[in-house]
Amino acid sequence: MSRCESVMACGCRLLVGFVFWSALMVLPAAASAAPPPAFSAGEIVSSDGGAVMRWEWNKEAVTGEGIKGVKVYRLRTGDETVFRGAPVVLVKDCGMDRTLELTGLTNGEQYVYFLHTYDAAGAEKPRAMLLARPGTDPEGVPQGVKNLYAVGGHGAVGLFWDQPLERDVVGYELARKAAGDAGYTVLARFPRYVNGRVEQGGDTVSVPVQRPGFFRDTTLADGFEYRYRLRVADSEGNLSTAVETGPVRTVAARSPKPDEVLLLVRGGDGASMRVARQYARKRGVPEHRILEIDLPSAAHRFRLRQIEEPLRQYLLHTMEDGVRLAARIRVIVPCFGIPLRGAGRSVDSMISDIFRRYTWGRVMGTPNPMFRSGGHFDPSHGLYMAVRLDGPDEETAAGLTDKALQAEKTLVLHNAPGLFAKNKLVSEVEQAASRYGVPVQMKPHAYTRDNDVPQDTVWFYGVGHAYRPVRRTDWPAGAVAAFLKSDTLISLSSSPPCWAQGFLEQGVTATFGAVAEPYVEGYTRGDVFFDRFWSGKFTFAEAMFMATPTVRWMMSGIGDPLYRLPDTK
């Protein structure tokens, strides 16, 4: 058996009974003397946009345990998952019925269902699991993937594509050739689904998880040009027609360039456009890097998809010299007028992973693969840095760039003191300050509740109390101030102001905060941010990205994304 046949056969064994007719899987029983199974048979038949679930009751179990019905739960996935939240959502209490029709499912996705029986007292027992994989019916060999593109990174190339919509696709074959090679050499064969685990009723259950349309090739030599070919395989081992990328090569580690910045503007909003155009002019961003997005005027009618969908389409289908814009852009900048929050999360954080490459197997946002990185932002991970030009008014938003440009010319670190309230997110900031010659004061928790910061303070990270102005004069040009609190960026027009709004009103050059409860585990770390930023090697956008544990979560940064101090070398 060839390697391709072996891998696809393994994938098929993983999926036996689940692609079209998903057999009922009985969950493990915790007791040593297990009762008879509640169901004698079961299946789920997936279709285009839906599925039908069927099961047969085991009369012995129904009578012996006094079973009065079954509840069907669906495992939360992707953005539905929440930290410290229930992992499942109730679909329906089916009573003693034996079928359930599921509609409105998205083709190309996987849905995991758990069946819990209950007795007269309402006590539930998890008894079985069923998998739905809606999709189109296969016609001959599977179709090739859609929207394949490659992005060169630091010693790596990222390959990205849309999830197949056909149900019978079980794996991929990826091949590569370097310039001058006669043909392609198979680089990897890998299944569409991998084993995951989930807690259910006190037991750990193995669940197949769909991997994202993403492969990162790290077996490359710098300076060489490569092309890639991707094919999908069905459960019978049939390979699709090949889809190929254009030429791509690794790139040197560096900060983003102005032509790698995309500015998002609220359609028909003059102030939003003026902020974007001024930034483009002062930083050298090409004007065609401004994207207008039509949004409803009433805030309550705004939905996150109204930004996500046009942005996805623009990045995927705008071509420059034969390359998708998705492969060129590194920084996305929502400008004054673009909402802060959508679907209960930060708009900026959500569009950092606009193609949802990392939404599998996580419980709080998307784990950031570059968290705590010591190198420049690497586009081969398929993410984007998102930092906004915003404020309580147009003037404040537009002025952020002028302050950053001034600081880049005049700010000297050993003359720029910082003040930090002690907490675990700045536990290493003193070491960073020592490395770069920054004079800092470490103060007790909630120090600024009753005390102002010295008037020459340039760097600040506080914790422990509601907003109050912590200085009597405006912040100096270049200042970055932040505060560890759950609601630091819930609004930029509230009264009294939240922390980020107050900082901006008092002239800070950059800040960051949470649009809703991020939990400490999801908050931007002050010590990592300042360590990277003070080095002079990284822009504000890079430093914040490396200091933030998650994307598609709650954090947003406000300031000039290209703001960078002189290199301390």
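Just so it is clear, the structure is predicted and the values come from calculations on it, not from any experiment.

Enquirer: Sorry if this is basic, but what is going on with the overall build of the protein here?
Expert: Helix and strand content of the protein: 10 helices and 34 strands. What you see for the protein is a C-alpha radius of gyration of 26 Å, in line with the 25 Å of a compact globule of 569 residues. The dimensions of the protein, computed from C-alpha atoms along their principal axes, are 80 × 70 × 45 Å. Looking at the protein residue by residue over its 569 residues, the buried ones come to 57%. Taking the intrachain contacts of the protein between residues at least 6 apart in sequence as the baseline, contacts between residues at least 24 apart amount to 69%.

Enquirer: Whenever I open this one, the confidence of the model for the protein confuses me. Can you help?
Expert: With 91% of its residues at a pLDDT of at least 70, the protein reaches an overall mean of 91. Here residues 1-22 is modelled with pLDDT under 50, and outside its nearest four sequence neighbours on either side it reaches 43 contacts, counting other chains as well.

Enquirer: For this particular structure, what's the right way to read the pairing of strand β31 (residues 480-484)?
Expert: Strand residues, when the strand is regular, have side chains that alternate between the two faces of the sheet. In terms of burial, β31 is a largely internal element, five of the five residues being buried. Going residue by residue along β31, you find Val480, Ala482 and Leu484 tucked away on one face and Ala481 and Phe483 tucked away on the opposite face as well. Relative to β31, strand β30 (residues 459-463) is paired through five bridges, and the arrangement is parallel. Paired with Trp459 across the two strands is Val480, which belongs to β31.

Enquirer: How do you make sense of the packing of aromatic side chains when you look at a structure like this?
Expert: Describing an aromatic ring pair means giving the distance of the ring centres and the angle of the ring planes. Counted according to the given criterion, the structure contains 29 aromatic pairs. One residue, Lys71, lies across the ring of Tyr118, its end atom 5.6 Å from the ring centre. The aromatic ring of Trp475 is capped on one face by Arg471, whose charged end is 4.6 Å from the ring centroid.

Enquirer: I keep staring at the packing of helix α7 (residues 429-436) against helix α9 (residues 526-534) and nothing clicks. Help me out?
Expert: Geometrically, a packed helix pair is captured by the angle between its two axes and the distance between the axes. Their axes nearest at 9 Å, the elements α7 and α9 cross at an angle of 10 degrees. Between α7 and α9, the angle is such that the two are roughly parallel. In this structure, α7 contributes Val429, Ala432, Ala433, Arg435 and Tyr436 to the contact, and α9 contributes Asp527, Phe530, Asp531 and Trp534. Among the residues making up the contact of α7 with α9, the classes are represented as six nonpolar, no polar and three charged.

Enquirer: Honestly, empty space enclosed by the protein in this entry has me stumped. Any pointers?
Expert: Space left empty within the atom packing is revealed by a probe, the size of a water molecule, rolled over the atoms. Under the criterion given, the structure shown has two cavities of 30 Å³ or more. The computed volume of the largest cavity comes to approximately 110 Å³. Looking at the largest cavity, it is lined by 15 residues, and the ones nearest its centre are Ser352, Ala386, Met544, Phe545 and Thr548. Those elements that place two or more of their residues in the lining of the largest cavity are α5 (347-352), β27 (385-386), α10 (540-547), β33 (550-551) and β34 (555-558). For the lining of the second largest cavity, the residue count by class is seven nonpolar, one polar and no charged.

Enquirer: What is the right way to read the environment of Phe114 from this model?
Expert: Note that Phe114 resides in strand β8 (residues 111-119). Separated by 338 residues in the primary sequence, Phe114 and Asp452 place their C-alpha atoms 55 Å from one another.

Enquirer: Would you explain the sheet that holds strand β19 (residues 261-266) in this entry?
Expert: Pairing is parallel in the open sheet, where four strands are placed in the order β20-β19-β23-β27. In this open sheet, the two strands that pair with only one neighbour each are β20 (290-293) and β27. With two bridges connecting them, strand β23 (residues 331-334) and β27 associate as parallel partners. Within β27, the position partnered with Val331 by the bridge is Met385. Here helix α4 (residues 305-317) sits on the sheet in contact with β19, β20 and β23, set at roughly 140 degrees to β20.

Enquirer: Please clarify how the environment of Gly180 should be interpreted in this entry.
Expert: Structurally, Gly180 is set in the loop between β12 (169-178) and β13 (185-191). Here the alpha-carbon distance between Gly180 and Glu225, two residues 45 residues apart in the chain, equals 9.2 Å.

Enquirer: What am I meant to see in unusual backbone geometry here?
Expert: The residue after Ser495, namely Pro496, is reached through a cis peptide bond having omega 0 degrees. Locating Pro496 in the fold gives a position in the loop between β31 and α8 (499-505). Unusually for a residue other than glycine, Asn147 sits at a positive phi of about 55 degrees. The topology assignment puts Asn147 in the loop between β9 (124-132) and β10 (149-152).

Enquirer: Before we go on, may I ask you to explain the pattern of salt bridges in this structure?
Expert: Side chains that differ in charge, positive against negative, can pair when their charged atoms come close. Inspection of every chain in the model, using the stated rule, returns 38 salt bridges. Two residues, Arg54 and Glu43, come together in a salt bridge whose shortest N-O distance is 3.1 Å. Of the two residues, Arg54 sits in strand β4 (residues 50-57) while Glu43 sits in strand β3 (residues 39-47), which places them 11 residues apart along the sequence. You can call Glu43 partly exposed: its relative accessible area is 24%. Across the pair Arg289 and Glu320 runs a salt bridge whose closest N-O atoms are separated by 2.5 Å. One end of the pair, Arg289, is in the loop between α3 (270-283) and β20; the other, Glu320, is in strand β21 (residues 319-320), with 31 residues separating them in the sequence. For the pair Arg289 and Glu320, a shared accessibility class is recorded, and that class is buried. A single network of salt bridges, built from pairs that share partners, joins Asp79, Glu308, Glu309, Arg312, Arg345, Arg356 and Arg552.

Enquirer: Teacher, can you tell me more about the nonpolar core here?
Expert: Most often, soluble globular proteins keep nonpolar side chains buried together rather than apart. Counting residues in hydrophobic clusters, the biggest one holds 114 residues, and the most contacted among them are Leu263, Leu315, Trp459, Tyr461, Phe529, Trp534 and Tyr563. What Leu263 contacts, discounting residues up to four positions off in sequence, is Ala276, Tyr279, Ala280, Val285, Arg289, Ile290, Leu291, Val333, Cys335 and Leu389. Core analysis: the second largest hydrophobic core is formed by 22 residues, Ala38, Ala51, Met53 and Ala128 among them.

Enquirer: Help me understand the sheet that holds strand β16 (residues 214-217) in this model?
Expert: Whenever strands of a sheet pair, they do so through backbone hydrogen bonds, lying parallel or antiparallel. A sheet is described by the order of its strands in space; here three strands give the open sequence β10-β11-β16, paired in antiparallel fashion. Edge positions in the sheet fall to β10 and β16, since each has one partner strand and no second. Direction aside, the axes of adjacent strands within the sheet are offset by 20 degrees on average. Across four bridges, the pairing between β10 and strand β11 (residues 157-160) is antiparallel. Bridge assignment links Ala150 to a residue of β11, and that residue is Leu159.

Enquirer: Quick question: what am I supposed to make of the layout of surface pockets here?
Expert: Of the volumes computed, that of the second largest pocket is approximately 560 Å³. Elements supplying a minimum of two residues to the lining of the second largest pocket: β10, β21 and β22 (323-324). Ranked by residues supplied to the lining of the second largest pocket, first place goes to β10 with four residues. Classifying every residue of the lining of the second largest pocket by side-chain character gives 11 nonpolar, four polar and 10 charged.

Rules used in this analysis
- Residues numbered from 1 in each chain as written.
- Predicted model: local features only at pLDDT ≥ 70, side-chain atom pairs only at ≥ 80, totals over all residues.
- Heavy atoms only, no water.
- Helix = DSSP H or I, 4+ residues; strand = E, 2+ residues; numbered from the N terminus.
- Rg over C-alpha atoms; globule rule 2.2 N^0.38 Å.
- Buried < 20%, exposed > 50% of the residue type's maximum accessible area, 1.4 Å probe, protein only.
- Contact = heavy atoms within 4.5 Å.
- pLDDT = per-residue confidence, 0-100.
- Pairing = 2+ DSSP bridges.
- Phe/Tyr/Trp six-rings, centres within 6.5 Å; stacked < 30°, edge-to-face > 60°.
- Lys NZ or Arg CZ within 6 Å of the ring centre and 35° of its normal.
- Axes fitted to C-alpha atoms, helices over the stretch in contact; angles between N-to-C directions.
- Parallel < 35°, antiparallel > 145°, perpendicular 65-115°, else oblique.
- Nonpolar A, V, L, I, M, F, W, Y, C, P; charged D, E, K, R; others polar.
- 1 Å grid on protein atoms, 1.4 Å probe; cavity = no way out; pocket = protein on both sides within 12 Å on 5 of 7 lines; lining within 4 Å.
- Points joined across faces, edges and corners; volume = space filled by probe spheres on them.
- Salt bridge = Lys/Arg side-chain N within 4 Å of Asp/Glu carboxyl O.
- Core = buried A, V, L, I, M, F, W, Y, C linked by side-chain atoms within 4.5 Å.

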